[in-house]
Amino acid sequence: VQLQASGGGLVQAGGSLRLSCAGSRRTFSTYVMAWFRQAPGKERAFVAGISRSGGVKHYADSVKGRFTISRDNAKNTVYLEMNSLKPEDTAVYYCATDPGLGDSVRSSTYDYGYWGQGTQVTVSS
């Protein structure tokens, strides 16, 4: 599975961005998808994940109420709508697929086998 993330950029605090991640395979709908982020000097961290049908979503506590993950399986695309952005949201954002057979949304990087190239999000204060 090849993943192409896009939509990052520079935004002021309080602003919004929408990230997209397009997958290359017709079996996109069979994968649990997630977004992670990595700030300079920090480990890659879970941001949000979504089940195969989109019915189950999990978020990191730091983004609950501000970020929304969604997917369009017909377009092989997963989205991350980010509102009320803060400077601490600055990071490279990665999308990833969980190659496992289950439909649980997991939050460890070790559970995700395919990664996009990342897109930079910078929030200025």
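Residues numbered from 1 in each chain as written. Predicted model: local features only at pLDDT ≥ 70, side-chain atom pairs only at ≥ 80, totals over all residues. Heavy atoms only, no water.

1. Digging into the packing of aromatic side chains
The test is simple: Aromatic rings from Phe, Tyr and Trp, with only the six-membered ring used for Trp, were paired whenever their centres fell within 6.5 Å, and each pair was classed as stacked if the ring planes differed by under 30 degrees, edge-to-face if by over 60, and tilted otherwise. Any Lys NZ or Arg CZ that is within 6 Å of a ring centre and within 35 degrees of that ring's normal is treated as a charge sitting over the ring.
Tallied over the full model, the rule gives five aromatic pairs. Aromatic rings pair up to connect Phe36, Phe46, Tyr112 and Trp115 into one cluster. The side chain of Arg18 reaches across the aromatic face of Tyr79, ending 4.0 Å from its centre. Here Arg44 stacks its cationic end above the ring of Tyr94, 3.7 Å away from the centre of that ring.

2. Points about the sheet that holds strand 8 (residues 77-82)
To keep it simple, the criterion reads: When DSSP finds two or more bridges between a pair of strands, those strands are recorded as paired. The numbering of helices and of strands both runs from the N terminus, where a helix is a DSSP run of H or I of at least 4 residues and a strand a run of E of at least 2. Working convention: axes come from line fits to C-alpha atoms, limited for helices to the stretch in contact. Angles between N-to-C directions cover 0 to 180 degrees.
A sheet is described by the order of its strands in space; here four strands give the open sequence 1-3-8-7, paired in antiparallel fashion. Each of the sheet's edge strands pairs with one partner strand only, and the pair in question is strand 1 (3-6) and strand 7 (67-72). Strand after strand, the sheet turns through a mean of 15° between neighbouring axes, direction not considered. Taken together, the six bridges between strand 3 (residues 17-23) and strand 8 define a ladder with antiparallel strand orientation. Across the sheet, the residue bridging to Leu17 is Met82, located in strand 8.

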